[in-house]
Amino acid sequence: MSSIAIPALTKDLKRVLIDADTIARRVNELAIKINTDYAGINDKLIIVGVLKGSFIFLADLCRKLDISHEVDFISLSSYGNSDQSTGNVRMIMDTRENLDGKHVLIIEDILDSGYTLDYLCRNFTSRNVASLKTAVLLDKPDRRKVDVTLDYIGFEIPDVWVVGYGLDYAERYRTLPYIAEMIPVIK
Ligand code: PRP
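Residues numbered from 1 in each chain as written. Predicted model: local features only at pLDDT ≥ 70, side-chain atom pairs only at ≥ 80, totals over all residues. Heavy atoms only, no water.

Asker: What should I look at first to understand the state of the cysteines in this one?
Answerer: In a disulfide, the sulfur atoms of two cysteines are covalently bonded to one another. All chains considered together, the criterion is met by 0 disulfides. Counting only cysteine sulfurs, C62 is the nearest neighbor of C121, a cysteine outside any disulfide, at a range of 18 Å. Given the relative accessible area of 18%, C121 is considered buried. (Disulfide = S-S within 2.5 Å. Buried < 20%, exposed > 50% of the residue type's maximum accessible area, 1.4 Å probe, protein only.)

Asker: Would you take a moment to explain unusual backbone geometry for this structure?
Answerer: Across the chain, the bulk of peptide bonds are trans and the bulk of non-glycine residues have phi less than zero. At the junction of L51 and K52, the peptide bond is cis and its omega measures out at 0° in the coordinates. Inspection of the secondary structure assignment puts K52 in the loop between β2 (45-51) and α2 (55-62). Despite not being glycine, N128 shows a phi value in the positive range, around 60°. Its relative accessible area of 54% is what places N128 among the exposed residues. Here the phi dihedral of A170 falls at roughly 50°; this positive angle occurs in a residue that is not glycine. Mapped onto the secondary structure, A170 falls in the loop between β8 (162-163) and β9 (179-182). Residue class for A170 comes out partly exposed when judged on its relative accessible area of 36%. (Helix = DSSP H or I, 4+ residues; strand = E, 2+ residues; numbered from the N terminus.)

Asker: Is there a simple way to think about the nonpolar core in this case?
Answerer: The nonpolar side chains of a soluble globular protein tend to be buried with one another. L105, L138, V162 and I179 are the most contacted members of the largest nonpolar core, which has 31 residues in total. Contributions of two or more residues to this core are made by β1 (13-18), α1 (20-37), β2, α2, β5 (103-111), β6 (131-139) and β7 (152-156). Not counting chain neighbours up to four residues away, the residues in contact with L138 comprise I18, D109, I110, L111, F155, I157, V162, L167 and I179. By size, the runner-up hydrophobic cluster in this structure holds 18 residues, among which are I74, V89, L117 and L150. (Core = buried A, V, L, I, M, F, W, Y, C linked by side-chain atoms within 4.5 Å. Contact = heavy atoms within 4.5 Å.)

As structure tokens, this is what we get:
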């Protein structure tokens, strides 16, 4: 954890929770593990990023993989601009690839209530995938409402609102190079 100063324009932010170097090191460690775990499969691995939040984690992780893989995306939403999941997960855009019989690795930025990943795992399982694993950059176990199996976890974090490295608040801060804790928004 770091105490890097936050530029003045990001005044809603309290502190850097995970700095860019720490993220890069952890992404590299996860990639090494994924390379090892999938080394034996004959078919290409399909990496499915959950939009929008996963796009930066996915981009960095994929570029460290030396196994044969293909990138696809799915778009789900259960939050809108709120800070509480409705539990009512909607699919906005499905994968382009037919996943039937494929080895699939889901990439998520954050696991909070678990509703999104639970929905997706059940949805993909019903498509008869050859195998299904999950990789999540941030895990907030204190907020869990449903059990979800995680195969690769970047960091376990406390129950604070985080932005950056793909995660937003009302579509802001996604492109910060670090994970920052936001000052709680008073409504
Ligand atoms: C966020 C995040 C996960 C989900 C996790 O998505 O990217 O997909 O919430 O929360 P859960 O475990 O409580 O379901 P969001 O709906 O905010 O959309 P976004 O990725 O486009 O920002």
